[in-house]
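Observations on the model geometry
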Amino acid sequence: MTEAELYTLYKGVYMLSSLHPPDHLKYYEEFCFRPDDIIIATYPKSGTTWMQEIVPLVMSGGDPASVETLPNWQRVPWLEVQSAELILEQMPSPRMFATHYQYNMMPTSFSEVKPKVIYVMRNPKDVFTSAFHYYGMASFTVPPGPQSDFLHKFLDGKVMFGSWFDHVKSWLNAEDKEHIMYISYEEMKMDLKDSVSRISQFLEKSLDTEVVGKIANRCLFKNMKKNSMSNYSSVPREIMDQTKSEFLRKGIVGDWKNQLSAAEAEYFNAVYKDKMKDVKYKFVWD
Ligand code: A3P
């Protein structure tokens, strides 16, 4: 299947025609946010599912009921994905949502209401590595083809939700940064307890140390991998073939070293240097 068959161009970026049909994108354009909504914003493969585990646990004060009974896409639904099961307007506050939109794609109500956003970033070489495997197992995406071809597509933004560079820069340049928390996958790997604690402070949910520790433990890769509500095991194989690559695949920092050749890494670095030259933010991977 090709880009023309599986993707739709929306505001200059590729969206998945099957999951993000035009009438639903129109609905998202007109969506009304509430001030106490919580948005997890990410470029795909940066730690969305991880955050869909952490935030509900923080908000429930550590009660695991929702992460044990609801699949991640129901407890923290993607705003751009059409869902047959959920009516977002009927969800009780505080609602939790995920989005892969770039900042400049967010609807008018978002800039007016300014709900809290947690923006998760990850080393783009690891995002690329994770995406390469994901595009090979999810039937709604265009198969990656040879790695060198996929590398060019990724660096040129000819993949779903567009360019990693545009995405990260758009959120880093957001107008009202005080309602946005920036955190990286790498920081979460380095110290999950500290990350959970920072997230709970940002969400104004006070948690004692023991609860923070319990949440962090639940959200360890090895434990989340066993949670059938978070590991996509209920998705039919025709849609996600986890015999090709598991959704919770490796969960490590630096897997790009096993994926990219020296020449590919060098090329990646050169593109990165050029595209990120005006960015002042200090990334942990730089
Ligand atoms: P890998 O493919 O490198 O393993 P997203 O949810 O945004 O699509 O991101 C998926 C990536 O996050 C995958 O990366 C997945 O394994 C990783 N991930 C999910 N839960 C994690 C956790 N608890 N700890 C570490 N990595 C996690």
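Our subject is the structure listed above.
Predicted, not measured: the structure shown is a model, and the values here were computed from it. (Residues numbered from 1 in each chain as written. Predicted model: local features only at pLDDT ≥ 70, side-chain atom pairs only at ≥ 80, totals over all residues. Heavy atoms only, no water.)

**Side note on the overall build of the chain**
Put simply, the test is: Under the DSSP-based scheme used, a helix requires at least four consecutive residues in state H or I and a strand at least two consecutive residues in state E, with every element numbered from the N terminus. Every radius of gyration here is taken over C-alpha atoms, with the globule rule written as 2.2 Å times N^0.38, N being the number of residues. Using a 1.4 Å probe, the Shrake-Rupley method yields the accessible areas, and only the shown protein chains count as cover for residues. Charge counting follows a simple rule: Lys and Arg are positive, Asp and Glu are negative, and His as well as the terminal groups are ignored. Think of each charge as sitting on NZ of Lys, CZ of Arg, CG of Asp or CD of Glu.
The number of helices and strands found in the chain is 15 helices and 6 strands. Taking 286 residues into account, the globule formula puts the C-alpha radius of gyration at 19 Å, and the chain, at 18 Å, falls close to it. When the accessible surface of the chain is totalled, it reaches about 13100 Å², and 53% of it is carbon and sulfur. A gap of 4 Å separates the mean positions of the 33 positive and 37 negative side-chain charges of the chain.

**Section: the site of the ligand**
Short version of the rule: Here a residue is considered near a molecule or strand provided that any single heavy atom belonging to it is located within 4 Å of it. Within 3.5 Å is the distance limit for a polar contact, defined as a pair of N or O atoms, with the added protein rule that one can donate a hydrogen and the other accept it, and that residues adjacent in sequence qualify only through two side-chain atoms. The residue classification treats Ala, Val, Leu, Ile, Met, Phe, Trp, Tyr, Cys and Pro as nonpolar and Asp, Glu, Lys and Arg as charged. All others, Gly included, are polar.
In the region of the ligand, 18 residues are neighbours, and T48, T49, S130, Y185 and K250 sit closest. R122 places a polar side-chain atom, nitrogen or oxygen, 3.0 Å from an oxygen atom of the ligand. Between an oxygen atom of the ligand and a side-chain N or O atom of R249, the distance comes to 2.8 Å. About the coverage of the ligand: the protein hides 98% of its 570 Å² of free accessible area. Elements with a contribution of two residues or more to the shell around the ligand: α3 (48–59) and α13 (221–224). A breakdown of the residues in the shell around the ligand according to their chemical character gives 8 nonpolar, 6 polar and 4 charged.

**A closer look at the sheet that holds strand β6 (residues 180–184)**
What counts is decided by this rule: Strands qualify as paired when DSSP identifies two bridges or more between them. To obtain each axis, a line is fitted to C-alpha atoms, and for helices this fit is confined to the stretch in contact; angles are then taken between N-to-C directions over 0 to 180 degrees. We call two residues contacting when some pair of their heavy atoms lies within 4.5 Å.
Across the sheet, which stays open at both edges, the 4 strands sit in the order β4-β3-β5-β6 with parallel pairing between neighbours. Whereas interior strands pair on both sides, the edge strands pair on one side only; in this sheet they are β4 (96–99) and β6. Shown here is a sheet whose adjacent strand axes are inclined to one another by a mean of 20°, direction ignored. Note that strand β3 (residues 38–42) and β4 share 4 bridges and pair parallel. Its bridge partner being in β4, I39 is matched across the sheet by F97. α3 rests against β3, β4, β5 (116–121) and β6 of the sheet, and its axis sits at about 160° to β3.

**A closer look at the side chain of K45**
Threshold: Exposure classes here rest on a 1.4 Å probe applied to the protein chains alone. A residue is buried below 20% of its type maximum, exposed above 50%, and partly exposed in between. Within this document, salt bridges are pairs made up of a side-chain nitrogen of Lys or Arg and a carboxyl oxygen of Asp or Glu, the two lying within 4 Å of each other.
Structurally, the position occupied by K45 is in the loop between β3 and α3. Lacking a salt bridge, the buried K45 has D255 as its closest oppositely charged neighbour, with an N-O distance of 12 Å. Among residues more than four places away in sequence, those in contact with K45 are R122, V127, S130, A131, Y134 and F247.

**Structural notes on the environment of K250**
Within the secondary structure layout, K250 lies in the loop between α13 and α14 (256–259). A C-alpha to C-alpha distance of 8.3 Å links K250 and F221, two positions 29 residues apart in sequence. Of the polar contacts made by the side chain of K250, one reaches the side chain of D255; its length is 2.8 Å.

**Details of the environment of W78**
Its place among the elements puts W78 in the loop between α5 (72–75) and β4. W78 sits in the buried class, given a relative accessible area of 14%. Note: C-alpha distance between W78 and A41 (37 residues apart in sequence) is 9.5 Å. When residues no more than four places from it in sequence are discounted, the contact partners of W78 are T48, Q52, N72, W73, A98, T99, H100 and Y232. At 3.2 Å, the side chain of W78 and the side chain of H100 are in polar contact.

**Regarding helix α9 (residues 164–172)**
Burial runs high along α9: 7 of the 9 residues are buried. Residues W164, F165, H167, V168, S170, W171 and L172 constitute the buried set of α9. Looking at where α9 begins, the residue whose side-chain oxygen comes 3.0 Å from the main-chain nitrogen of F165 is S163.

**Considerations on the packing of aromatic side chains**
Under the convention used in this document: When the centres of two rings from Phe, Tyr and Trp lie within 6.5 Å, Trp using its six-membered ring, the rings pair. Their planes under 30 degrees apart give stacked, over 60 give edge-to-face, and anything left gives tilted. The rule for a charge over a ring is simple: NZ of Lys or CZ of Arg within 6 Å of the ring centre, and within 35 degrees of the ring normal.
Within the structure shown, the criterion is met by 33 aromatic pairs. Here the aromatic rings of W50 and Y185 are separated by 5.1 Å at their centres, their planes lie at 70°, and the arrangement is edge-to-face. Taken together, the positions of W50 in helix α3 and Y185 in helix α10 (residues 185–190) put the pair 135 residues apart, joining distant regions of the chain. For the pair W50 and Y185, one class covers both residues: buried. Across the ring face of Y185, the terminal group of R122 is positioned such that the distance to the ring centre comes to 3.8 Å.

**Comments concerning the side chain of D126**
As for its placement among the helices and strands, D126 is situated in helix α7 (residues 124–137). The buried charged residue D126 lacks any salt bridge, with R122 as its nearest oppositely charged partner at 4.7 Å. Sequence-distant contacts of D126, defined by excluding residues within four places in its chain, comprise E186, I252, V253, G254, D255 and W256.

So yeah, pure geometry; function would need other evidence.
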